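# Commentary on secondary and tertiary structure
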Amino acid sequence: MGKQQEIVMSGIRPTGFLHLGNYFGAVRNYVRMQSDYTCYFMVADLHSLTTHPDTSELKTNIYRVLSENIACGLDPDKAAFYCQSHIFETSELYLYLNMLAYVGELEKTVTFKDKVRQHENNVNAGLLTYPVLQTADIILHRASLVPVGKDQEQHLEMARNFANRFNHRYGDVFPEPKAFNYGEELIKVPSLDGKGKMSKSENQNATLYLSDTDEDITKKIKKMKSDSGPAEKNSAKPDYIELFFSLMQLVSPAEVIEKYEADYNNCTIRYGDLKQQLAEDMIRFIGPIRDKAEQIRNDEKYMKDVMEKGAGKARKSARETMEIVRNAMGLNYFA
Ligand code: TYM
């Protein structure tokens, strides 16, 4: 299939502030793919209801995610950029796919087991069928490429299973969706304390947000664990030192990384200087996104126009697919 014919789809939940992991795992690829493919990107507000039933902040959070994506370079004139709940066809397809998803396989999903642990008083059916709704989002546009971070790998495997199961039962309607990254492997941006990954709502002091002030960024980086430096030349780096270099790989110029690698290898590295340098490089990266997002967010009319235009494009594709789906399933009694 040619590049233009392949369809791209992805989404982000509006459950908190976007961070470096969202950028390098997902949004960076959105921005690159929007010029090469037909793209559908959305704010997954329905998914957020599985863990965040209180909707009083939802609109603010949706505006935030929209504006941050646009500040990162997502162009609503190139991609369809919309809100999940504006596309009613998603819920219809979700219902049909639920009949093809087995409770046993849903219960085994790692994210479900994690969320049961985190939200033990709200283990709702929506949480269990979360990967089914995600599959509906993707295959509603008959998408085959899904730019996501490493944490979404299992959901994509399930999406492939559900799509294949549908095709097997009702005829060939959907391409197989695949997790996508321009680099070799899917990305996981680790948290600053080395425990797990950066996350929108957990572990906030160990996550760098696209909305962090320069002072926040400097403070968080200065607090990262280091030591007095290697005792022997060319020794292996402990994980917490490797973390500095992984972060520099994301935002620092190659010659800066080379300098600190050389300093490490000949035991002259000073972690105070490295932290200062990393903080400056991070501020140079995050600062303009933060400022631009704020500007965009304050233009309420523009935000509404973006959502409306995006919903228009997404609905058109959704309606076409659902016509095919209903016909394939034999839910076309007037035909
Ligand atoms: P969400 O909102 O948790 O994350 C949005 C995107 O950011 C990526 N990501 C990361 N990548 C690298 N390192 C990290 N530390 C990191 N943290 C988050 C995620 O992999 C994701 O690509 N279930 C999805 C939302 C969704 C969706 C979809 C995605 C709903 N429908 C359809 C793709 C297609 C989620 O919760 O992402």
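An account of the accompanying structure is given in this report. In this text, all values refer to a predicted model and were calculated from it rather than measured experimentally. (Residues numbered from 1 in each chain as written. Predicted model: local features only at pLDDT ≥ 70, side-chain atom pairs only at ≥ 80, totals over all residues. Heavy atoms only, no water.)

### Digging into the overall build of the protein
Heads up, the rule is: Numbering of helices and strands runs from the N terminus, with a helix taken as a DSSP run of H or I at least four residues long and a strand as a DSSP run of E at least two residues long. In this treatment the radius of gyration is a C-alpha quantity, and the globule benchmark scales as 2.2 Å times the residue count to the 0.38 power. Each residue gets one of three labels from its accessible area relative to the maximum for its type: buried under 20%, exposed over 50%, partly exposed in between, using a 1.4 Å probe on protein chains only. In what follows, a contact means two residues having at least one pair of non-hydrogen atoms within 4.5 Å. All accessibility values rest on the Shrake-Rupley procedure with a 1.4 Å probe; residue burial counts only the protein chains present in the view.
Counting its regular elements, the protein contains 14 helices and five strands. The C-alpha atoms of the protein give 22 Å as radius of gyration, which agrees with the globular expectation for 335 residues (20 Å, within 12%). Here the protein holds 335 residues, and 50% of them are scored as buried. In the protein, the share of contacts with a sequence separation of at least 24, taken over all contacts with a separation of at least 6, comes to 77%. When the accessible surface of the protein is summed, it comes to about 16300 Å², and 49% of that surface belongs to carbon and sulfur atoms.

### Looking at the side chain of Ser 199
Keep this limit in mind: Pairing of N or O atoms within 3.5 Å defines a polar contact, subject to two protein rules: one partner must be a possible hydrogen donor and the other a possible acceptor, and residues neighboring in sequence count only if both atoms are side-chain atoms.
Of note, Ser 199 is situated in the loop between strand S5 (178-180) and helix H10 (214-222). A polar contact of 3.5 Å, which involves the side chain of Ser 199, links it to the backbone nitrogen of Ser 201. For Ser 199, the residues in contact, after removing those within four places along its chain, are His 19, Thr 207 and Tyr 209.

### What about the packing of helix H3 (residues 58-71) against helix H13 (residues 271-297)?
Axes are the key here: two packed helices are described by the angle between their axes and the distance separating the axes. Heads up, the condition is: Note on definitions: angles span 0 to 180 degrees between N-to-C directions of axes, and those axes are lines fitted to C-alpha atoms, for helices only across the stretch in contact. Roughly parallel covers angles under 35 degrees, roughly antiparallel covers those over 145, roughly perpendicular covers 65 to 115, and oblique covers all other angles. Crossing handedness follows the turn of the near helix against the far one: under a right angle anticlockwise gives a left-handed crossing, and clockwise gives a right-handed one.
At a minimum axis separation of 8 Å, H3 and H13 run at an interaxial angle of 130°. Here H3 is positioned oblique relative to H13, judged by the angle of their axes. Viewed along their axes, H3 and H13 form a crossing whose handedness is right-handed. The residues of H13 that touch H3, namely those facing Tyr 63, Arg 64, Ser 67, Glu 68, Ile 70 and Ala 71, are Ile 289, Lys 292, Ala 293, Ile 296 and Arg 297.

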